[in-house]
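This is what each chain is made of:
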Amino acid sequence: MGKQLVTVVGILVLCAAPRGWAQQLGVGDPAPGIQVKELVKGAPVNSLEKGKRYVVEFWATWCGPCRVSIPHLTGLQKQHPEFTFIGVSVWEQDQKGVKPFVQQMGDKMAYTVAMDDVPEGANGNEGKMAKTWMQAAGQDGIPTAFLIDRDGTIAWIGHPMELDQPLEKLAAGTWDVSAAKVQFQKDQAQRRKMSELQAKLTTAQQSGDPHQMLAALDQAIAENPAMEATLGVGKYQVLTRGIKDPEKARVYGSHLVDSVLKDNPAALNQFAWVIVAPNAPKADAAAVKLALKAAQQADALTQGKDPGIADTLARAYFDAGSPAKALQTQERAVRLFKGTPAENDPGVRARLEQYQKAVKPH
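Residue numbering note: each chain is counted from 1, following its sequence as written. Note on the predicted model: pLDDT of at least 70 is required for a residue's local features to be given, and 80 or more for side-chain atom pairs to be given and counted; whole-chain, interface and lining totals, by contrast, use all residues. The basis for every side-chain value is the complete set of heavy atoms in the structure, and neither hydrogens nor water enter the calculation.

Could you give me a rundown of the layout of surface pockets, with the residues and numbers involved?
The pocket and cavity definitions rest on a 1 Å grid over protein atoms only: a 1.4 Å probe that fits but cannot leave marks a cavity, an open set with protein on both sides within 12 Å along at least five of seven lines marks a pocket, and residues lining either have an atom within 4 Å of a point. Grid points are joined across faces, edges and corners, and a volume is the space filled by probe spheres set on the points. If you add up the space inside the second largest pocket, you get close to 320 Å³. Taken together, 18 residues form the lining of the second largest pocket, with Tyr236, Thr240, Lys282, Ala283 and Ala287 sitting closest to its centre. For the lining of the second largest pocket, the elements supplying multiple residues, two or more each, are α7 (228-242), α8 (246-260), α9 (265-276) and α10 (285-301). Secondary structure elements are taken from DSSP: a helix is a run of H or I of four residues or more, a strand is a run of E of two residues or more, and numbering for both begins at the N terminus. In terms of residues, the lining of the second largest pocket owes the most to one element, α7, which gives 4 residues.

Structure (structure tokens):
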């Protein structure tokens, strides 16, 4: 089980806002002011006082990763009461949903929460803190947290799930802001490269020319070999479904399975699924064999405990002409899915029934 179609431009892992922002603010710079429209929860914070330390975090009601990071921030606030945590809701097209969201989160969101000051009639992205903090710092994804030291200086900027170590070190007085500034500048340079890469890939994909897409992917991987783990499956799909060169696809797919993705069960599973998914184009025997190898590898890496991988492996067995193994593996997938959101997935059940029929004596 996995995503049916891997789009080559699907690189972002954060909830995104419009791109093209120039960075004017960074680690080591004085923090901007607090400009919020309304306090939703906790003690009001109207300014960043010298001598105090803060975590200013940006989130939105529609952002899935934000919902995941909110309880983590609550835990950090409890561990470090000497810091004031402020969660600022940004990029909301309708701020009326913020209060109900915070009420629903309850004790999971146990720190000060406020709404960005968005001018009347303005777009949700045009809030004052969205501009002076996020946009100024070149941050185009949420959740994003800013760590502020006693001098009112930005000590760190990053994802809230990576806040633990900087927070601990700043609390202990061992955080090196100068080193953090250098790292932030490197990270931003990489983000700009990623943004440029995504623009190129989007243009290539919109062209509908598989050769242009392949050239863009090859250029991206050549410039940053580490990106092959992200872009490789998309390249494989271009070779199979766009250019339709099964031999090149087989050679490249083997390279992915044997080298690039060999220790990455999620990526191996994704690769296998794009070949054997029920609504995928019919694959040839060589491709199915490769999918089976990838799924077996992913299953071994997860010690047979991942239901989605088991579901993919079962399908690969079935397409490879082994319905009995498919049924046995799908039964394991169904057991593993119990108690998860996918427990009643109709596709999982339909595949189980399909394999049961295939092994029944006629």
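A description of the pairing of strand β8 (residues 154-158) should follow, citing residues and the corresponding values.
Relative accessibility under 20% of the residue-type maximum defines a buried residue, over 50% an exposed one, and the middle range a partly exposed one, all with a 1.4 Å probe and only protein chains included. Here β8 lies mainly inside the structure; 5 of its 5 residues are buried. The pairing of strand β7 (residues 144-148) with β8 spans 4 bridges and is antiparallel. Each residue of the ladder has a partner; that of Ala145, found in β8, is Gly158. Hairpin connection between β7 and β8: a loop of 5 residues separates the two successive antiparallel strands, and Gly152 in this loop has a positive phi of roughly 80°. When DSSP finds two or more bridges between a pair of strands, those strands are recorded as paired.

Give me the lowdown on the packing of α7 against α9, citing residues and values where you can.
For helices, the fitted line uses only the C-alpha atoms of the stretch in contact; every axis is such a line through C-alpha atoms, and the angle between N-to-C directions lies from 0 to 180 degrees. For the pair α7 and α9, interaxial distance at closest approach is 10 Å and the crossing angle is 15°. On the basis of the axis angle, α7 is roughly parallel to α9. Of the two elements, α7 crosses α9, and the hand of that crossing is right-handed. On α9, the residues touching Val233, Tyr236, Gln237 and Arg241 of α7 are Ala267, Gln270, Phe271, Val274 and Ile275. By the convention adopted, Pro, Cys, Tyr, Trp, Phe, Met, Ile, Leu, Val and Ala count as nonpolar, Lys, Arg, Asp and Glu as charged, and the other residues, Gly among them, as polar. Grouping the amino acids of the contact of α7 with α9 by side-chain chemistry returns 6 nonpolar, 2 polar and 1 charged. What sets the label is the angle itself: under 35 degrees gives roughly parallel, over 145 gives roughly antiparallel, 65 to 115 gives roughly perpendicular, and the rest give oblique. Each crossing gets its handedness from the near helix: less than a right angle anticlockwise from the far helix is left-handed, clockwise is right-handed. Residue contacts follow a heavy-atom distance rule, with two residues in contact if any of their heavy atoms lie within 4.5 Å.

So what's going on with the packing of aromatic side chains? Residues and values would help.
Geometry of an aromatic ring pair is reported as the spacing of the ring centres plus the angle between the planes. Classification of ring pairs uses Phe, Tyr and Trp, with its six-membered ring standing for Trp, and accepts pairs whose centres are within 6.5 Å; under 30 degrees between planes counts as stacked, over 60 as edge-to-face, and the remaining range as tilted. Across all of its chains, the model carries 7 aromatic pairs by this definition. Ring centres of Trp133 and Phe146 lie 5.1 Å apart, and the angle between their planes is 90°; on these two criteria the pair is classed as edge-to-face. With Trp133 in helix α3 (residues 128-135) and Phe146 in strand β7, the pair connects residues that are 13 residues apart, well separated along the chain. Since its relative accessible area comes to 0%, Trp133 is described here as buried. Taken together, a centroid distance of 4.8 Å and an interplanar angle of 65° make the contact between Tyr236 and Phe271 edge-to-face. In this pair, Tyr236 sits in helix α7 while Phe271 sits in helix α9, placing the two residues 35 residues apart along the sequence. Among the aromatic residues, ring-to-ring pairing joins Phe58, Trp133 and Phe146 into one connected group.

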